[in-house]
Amino acid sequence: MVYADSLSAIAAPGFRFGDHPRHVAAFRQAIATVAALPCDILLTPHPGASGFWEKVARRQSPADVGPLLDAGACRAYAATATASLDARLAREQARSGKASESAESK
């Protein structure tokens with residue numbers, strides 16, 4: 001069983017992850033650490049991030065833990081976090097490119 005805190009690439013308005021490569025590297029290392037954990041049951045601060053309530057709903061009885069077990073849960077959680085971080089960095093890069101293009105056209 002693993003409790004993995006949030007791996008969301010969320011920040012205050014105006015914060016750019018891309019401006020802080022050491023933070024991004026540390027974030028990626030944290031994600032990789034979670035991906036490598038041996039876990040059959042994943043608990044997250046927001047149960048929806050790990051599909052917890054959906055798994056609970058599939059249980060046939062209080063003693064039925066089968067739906068809660070997922071040997072790939074940590075890897076899946078980490079993969080989602082990686083995709084989210086990559087998308088965030090891509091949006092930042094796209095905005096930077098548009099800002100540069102706008103400045104160049106003036």
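Here goes a summary of the coordinates provided. Model, not experiment: these values are computed from the prediction.

## Concerning the overall build of the protein chain
Looking only at helices and strands, the protein chain features 3 helices and 2 strands. In sequence order, the protein chain lays out its α and β elements as β-α-β-α-α. The globule rule puts the C-alpha radius of gyration for 106 residues at 13 Å, and the 18 Å found for the protein chain is more than 25% above it. When its C-alpha atoms are laid out on the principal axes, the protein chain stretches across 65 × 25 × 20 Å. The burial tally for the protein chain puts 27% of its 106 residues in the buried class. Residue pairs in contact within the protein chain that sit at least 24 positions apart in sequence constitute 77% of those at least 6 positions apart. By element, 60% of the accessible surface of the protein chain is carried by carbon and sulfur atoms, the whole surface being about 6,900 Å². Side-chain charges in the protein chain split into 12 positive and 10 negative, and the spacing between the mean points of these groups amounts to 3 Å.

## Points about the packing of aromatic side chains
On inspection of all chains with the given rule, the structure shows 3 aromatic pairs. Here the aromatic rings of Phe15 and Phe17 are separated by 5.1 Å at their centres, their planes lie at 90°, and the arrangement is edge-to-face. For Phe17, a relative accessible area of 9% translates into the label buried. Here Phe52 and Trp53 contribute two aromatic rings whose centre-to-centre distance is 5.1 Å and whose plane-to-plane angle is 65°, an arrangement assigned as edge-to-face.

## Considerations on the state of the cysteines
Two cysteines form a disulfide when their sulfur atoms are joined by a covalent bond. Inspection of the entire model under this criterion finds 1 disulfide. Here Cys39 is linked by a disulfide to Cys74, with a sulfur-sulfur distance of 2.1 Å. Across the S-S bond of Cys39 and Cys74 the torsion is about 140°, and the bridge reads as right-handed. Here Cys74 lies in helix 3 (residues 73-104) and Cys39 lies in the loop between helix 1 (21-36) and strand 2 (42-43), a separation of 35 residues in the sequence. For Cys39, a relative accessible area of 3% gives the class buried. Since its relative accessible area comes to 0%, Cys74 is described here as buried.

## Brief notes about the environment of Arg59
Locating Arg59 in the fold gives a position in the loop between helix 2 (52-57) and helix 3. Along the sequence, Arg59 and Ala76 sit 17 residues apart, while their C-alpha atoms lie 21 Å from each other. What Arg59 contacts, discounting residues up to four positions off in sequence, is Asp64, Pro67 and Leu68.

What counts, and at which threshold
Residues numbered from 1 in each chain as written. Predicted model: local features only at pLDDT ≥ 70, side-chain atom pairs only at ≥ 80, totals over all residues. Heavy atoms only, no water. Helix = DSSP H or I, 4+ residues; strand = E, 2+ residues; numbered from the N terminus. Rg over C-alpha atoms; globule rule 2.2 N^0.38 Å. Buried < 20%, exposed > 50% of the residue type's maximum accessible area, 1.4 Å probe, protein only. Contact = heavy atoms within 4.5 Å. Areas by Shrake-Rupley, 256 points an atom, 1.4 Å probe, with all protein chains shown as cover. Lys, Arg positive; Asp, Glu negative; His and termini not counted. Charge placed at Lys NZ, Arg CZ, Asp CG, Glu CD. Phe/Tyr/Trp six-rings, centres within 6.5 Å; stacked < 30°, edge-to-face > 60°. Disulfide = S-S within 2.5 Å.

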